[in-house]
Amino acid sequence: MSMNKIVTNPLHLYRHLLRKCKKLPVNVQDHYRHHLRQSFNSHLDEADPVRVKQIISRAIEDADWILKKYSKRSGF
């Protein structure tokens, strides 16, 4: 089952991404948590369900890319 099917609303997405942040190196976790919060706040007024699904999908893809980036660098 794809992660896009599990994450169905913005609050689920936010919690999912916070858990992903914990998998990052400690020295970059604060940066990505701050970025996550800012992104969440900037999309609070989004009402279009299609756009919300696009945002969720893109956020999951970006989080996976960031985790891969740091796993290649530090080998964790």
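Scroll up to find the structure this text is about.
Cut-offs applied
Residues numbered from 1 in each chain as written. Predicted model: local features only at pLDDT ≥ 70, side-chain atom pairs only at ≥ 80, totals over all residues. Heavy atoms only, no water. Helix = DSSP H or I, 4+ residues; strand = E, 2+ residues; numbered from the N terminus. Buried < 20%, exposed > 50% of the residue type's maximum accessible area, 1.4 Å probe, protein only. Polar contact = N/O pair within 3.5 Å; in protein donor to acceptor, adjacent residues only side chain to side chain. Contact = heavy atoms within 4.5 Å. Expected span 1.5 Å × (residues − 1). Arc of directions from axis to C-beta. Phe/Tyr/Trp six-rings, centres within 6.5 Å; stacked < 30°, edge-to-face > 60°.

**Q** Kindly report on the side chain of Gln-29, identifying the contributing residues and their values.
**A** Mapped onto the fold, Gln-29 is located in helix α3 (residues 26-42). Looking at Gln-29, the relative accessible area reads 13%, which means it is buried. A polar contact of 3.3 Å, which involves the side chain of Gln-29, links it to the backbone oxygen of Lys-22. Every residue in contact with Gln-29, bar those within four places of it in the chain, is listed here: Cys-21, Lys-22 and Leu-24.

**Q** Kindly report on helix α2 (residues 10-21), identifying the contributing residues and their values.
**A** Taking 1.5 Å of rise per residue, 12 residues should cover 16 Å, and α2 covers 16 Å from first to last C-alpha, within 8% of that figure. For α2, every residue scored as buried is listed here: Leu-13, Tyr-14, His-16, Leu-17, Lys-20 and Cys-21. Taken end-on, α2 shows its buried residues confined to a sector of 165°, consistent with a single buried face. Two or three places before Leu-11, at the start of α2, stands the capping residue Asn-9, its side-chain oxygen 3.0 Å from that residue's backbone nitrogen.

**Q** Any chance you could break down the side chain of Lys-20 for me, citing the residues and the numbers?
**A** Among the structural elements, Lys-20 can be located in helix α2. Given a relative accessible area of 15%, Lys-20 falls into the buried group. Here Lys-20 is in contact with Ala-63, Asp-64 and Leu-67, once residues within four sequence places are set aside.

**Q** Account for the packing of aromatic side chains, with residues named and values stated.
**A** Enumeration over the complete set of coordinates arrives at two aromatic pairs. Ring plane angle 40° and centroid distance 4.8 Å describe the contact between Tyr-14 and Phe-40, whose orientation is recorded as tilted. Of the two residues, Tyr-14 is situated in helix α2 and Phe-40 in helix α3; the sequence distance between them amounts to 26 residues. Classification of Tyr-14 by relative accessible area gives buried; the value is 15%. Ring centres 6.0 Å apart and planes at 80° place the aromatic pair Tyr-32 and Tyr-70 in the edge-to-face group. With Tyr-32 in helix α3 and Tyr-70 in helix α4 (residues 49-74), the pair connects residues that are 38 residues apart, well separated along the chain.

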